[in-house]
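Residues per chain, in single letters:
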Amino acid sequence: LFLAVAVGRAQVQQEPLAEASEGTSINITCSHLDVTANSVQWYQQRPHQPPQLIARGFGSGEQAVPEPAGTLLIAADRRSSVLRLSRPRWRDAAVYYCAVSD
């Protein structure tokens, strides 16, 4: 299983690449140290498809992500988030983007 992670605007930083074996959990981190986010969105883009919103969080805390199955964790200071895919499968191989709004 190969998961690519794209870098967004300069103030939002993500790993350029993340890999996981099928069925093994993976964390994809998004840092935005110069922005205290009121809202964090995560998008999944599969080949030849437009990006699809898969998770949105407000404030800090944890919430379930239904598809692909996982969790969105937003730090207490709201300057970073983690998209944790609990059991990624081949079909989850995609580019994952995070976006923030203050």
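Residues numbered from 1 in each chain as written. Predicted model: local features only at pLDDT ≥ 70, side-chain atom pairs only at ≥ 80, totals over all residues. Heavy atoms only, no water.

Undergrad: What should I look at first to understand the environment of Ala 18 in this one?
TA: By the element assignment, Ala 18 lies in strand 3 (residues 17-19). Expressed as a C-alpha distance, the spacing of Ala 18 and Thr 29, which sit 11 residues apart in the sequence, is 9.9 Å. (Helix = DSSP H or I, 4+ residues; strand = E, 2+ residues; numbered from the N terminus.)

Undergrad: Even after reading the chapter, I still don't get the confidence of the model for the protein chain, so can you show me in this structure?
TA: A low pLDDT means the predicted coordinates there should not be read in detail. On average, residues of the protein chain score 84 in pLDDT, and 88% of them are at 70 or above. At the low end of the mean pLDDT range in the protein chain sits strand 1 (residues 2-5), at 48; at the high end sits strand 8 (residues 70-74), at 95. Contacts for the low-pLDDT stretch residues 4-10, under 50 throughout, to residues beyond four places or in other chains number 19 contacts. (pLDDT = per-residue confidence, 0-100. Contact = heavy atoms within 4.5 Å.)

Undergrad: Help me understand the sheet that holds strand 7 (residues 61-65), please; the structure alone is not making it clear to me.
TA: Backbone hydrogen bonds hold the strands of a sheet together, and the pairing may be parallel or antiparallel. In spatial order, the strands read 2-4-9-8-7; together these five strands make up an open sheet with antiparallel pairing. For this open sheet the edge positions go to strand 2 (13-14) and strand 7, each flanked by a neighbour on one side alone. For strand 8 and strand 9 (residues 80-85), the ladder comprises five bridges, and the chain directions are antiparallel. By the bridge assignment, Leu 73 is partnered in strand 9 with Val 82. (Pairing = 2+ DSSP bridges.)

Undergrad: Sorry, what's going on with the side chain of Thr 71 here?
TA: Mapping Thr 71 onto the fold places it in strand 8. Once residues lying within four places of it in the same chain are set aside, the contact partners of Thr 71 are Glu 62, Gln 63, Val 65, Val 82, Leu 83 and Arg 84.

Undergrad: Hey, could you run me through the environment of Gly 70 in this one?
TA: As for its placement among the helices and strands, Gly 70 is situated in strand 8. Between the alpha carbons of Gly 70 and Arg 84 there is a distance of 5.3 Å; along the sequence they are 14 residues apart. Sequence-distant contacts of Gly 70, that is, excluding residues within four places in its chain, are made with Gln 63, Ala 64, Val 65, Arg 84, Leu 85 and Ser 86.

Undergrad: In this structure, what is going on with the pairing of strand 5 (residues 39-45)? I would like to understand it.
TA: Moving residue by residue along a regular strand, the side chains alternate between the two faces of the sheet. For strand 5, a buried count of five out of seven residues is recorded, marking the element as mostly surrounded by other parts of the structure. In the sheet, strand 5 pairs with strand 6 (residues 52-58) via six bridges, with the strands oriented antiparallel. For Trp 42, the partnering residue across the bridge sits in strand 6 and is Ala 55. Between the antiparallel neighbours strand 5 and strand 6 lie six residues, among them His 48 with a positive phi of about 65°. Bridge count between strand 5 and strand 10 (residues 95-101): seven bridges; the pairing is antiparallel. Across the sheet, the residue bridging to Ser 39 is Ser 101, located in strand 10. (Buried < 20%, exposed > 50% of the residue type's maximum accessible area, 1.4 Å probe, protein only.)

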